[in-house]
Amino acid sequence: MADITDIKSIIYTEKTLGMQEDGVIVVQTSTRMTKTGLKEVFREYFGIVPNKINSLNQSGKTKRFRGVQGKQNNFKKFYVTLPEGAQIESLAV
């Protein structure tokens with residue numbers, strides 16, 4: 001079952017801040033999170049039922065650090081459309 005600990009962060013970029021004005025937030029999660037699991041987390045912890053959820057698997061980049069090649073972790077990104085007028089307390093400005 002999905003848990004709030006599977007949510008790693010909320011992504012804040014210039015693009016996502018513009019999307020937040022339209023009621024869409026972008027959430028970075030672990031790769032095991034599903035759409036229904038994320039919907040349950042939003043219902044249980046935030047008291048909001050999202051209208052729509054789109055998901056995206058993001059593979060980790062290959063990077064070089066001090067001559068040693070490594071790979072960043074894979075993660076899942078969700079675009080969550082909130083109902084009109086709904087806000088999450090931690091995101092309220």
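Residues numbered from 1 in each chain as written. Predicted model: local features only at pLDDT ≥ 70, side-chain atom pairs only at ≥ 80, totals over all residues. Heavy atoms only, no water.

Asks: Just checking my understanding: could you explain the overall build of the chain for this structure?
Replies: Assigned secondary structure in the chain consists of two helices and six strands. Taken from N to C terminus, the helices and strands of the chain fall in the order β-α-β-α-β-β-β-β. Expressed as a percentage of its 93 residues, the buried residues of the chain come to 31%. Counting contacts in the chain only where the partners sit at least 6 residues apart, residues at least 24 apart contribute 58% of the total. Positive and negative charge centroids in the chain, built from 14 and 9 side chains respectively, lie 15 Å apart. (Helix = DSSP H or I, 4+ residues; strand = E, 2+ residues; numbered from the N terminus. Buried < 20%, exposed > 50% of the residue type's maximum accessible area, 1.4 Å probe, protein only. Contact = heavy atoms within 4.5 Å. Lys, Arg positive; Asp, Glu negative; His and termini not counted. Charge placed at Lys NZ, Arg CZ, Asp CG, Glu CD.)

Asks: Would you explain the nonpolar core in this entry?
Replies: For soluble globular proteins, the rule of thumb is that nonpolar side chains tend to be buried together. Ile-25, Leu-38, Phe-42 and Val-80 are the most contacted members of the largest nonpolar core, which has 13 residues in total. When residues of this core are traced back to their parent elements, those giving at least two are strand 2 (24-29), helix 2 (35-46) and strand 6 (75-81). Ranked by the residues each element gives to this core, the list is headed by helix 2, at three residues. Phe-42 has contacts with Ile-25, Val-27, Gly-47, Ile-48, Pro-50, Val-80, Leu-82 and Ile-88, leaving out every residue within four places of it along the chain. (Core = buried A, V, L, I, M, F, W, Y, C linked by side-chain atoms within 4.5 Å.)

Asks: Teacher, can you tell me more about the sheet that holds strand 2 here?
Replies: Hydrogen bonds between backbone atoms are what pair the strands of a sheet, whose relative direction is either parallel or antiparallel. Read from one edge of the open sheet, four strands run 1-2-6-3, paired in antiparallel fashion. Where the open sheet ends on each side, the last strands, each with one partner, are strand 1 (7-10) and strand 3 (52-58). Strand after strand, the sheet turns through a mean of 25° between neighbouring axes, direction not considered. Of the strand pairs in this sheet, strand 1 and strand 2 are connected by three bridges, and their pairing is antiparallel. In the strand pairing of strand 2, Ser-9 is matched with Gln-28. In this fold helix 2 packs onto strand 1, strand 2, strand 3 and strand 6, with an angle of close to 125° to the strand it touches most, strand 3. (Pairing = 2+ DSSP bridges. Axes fitted to C-alpha atoms, helices over the stretch in contact; angles between N-to-C directions.)

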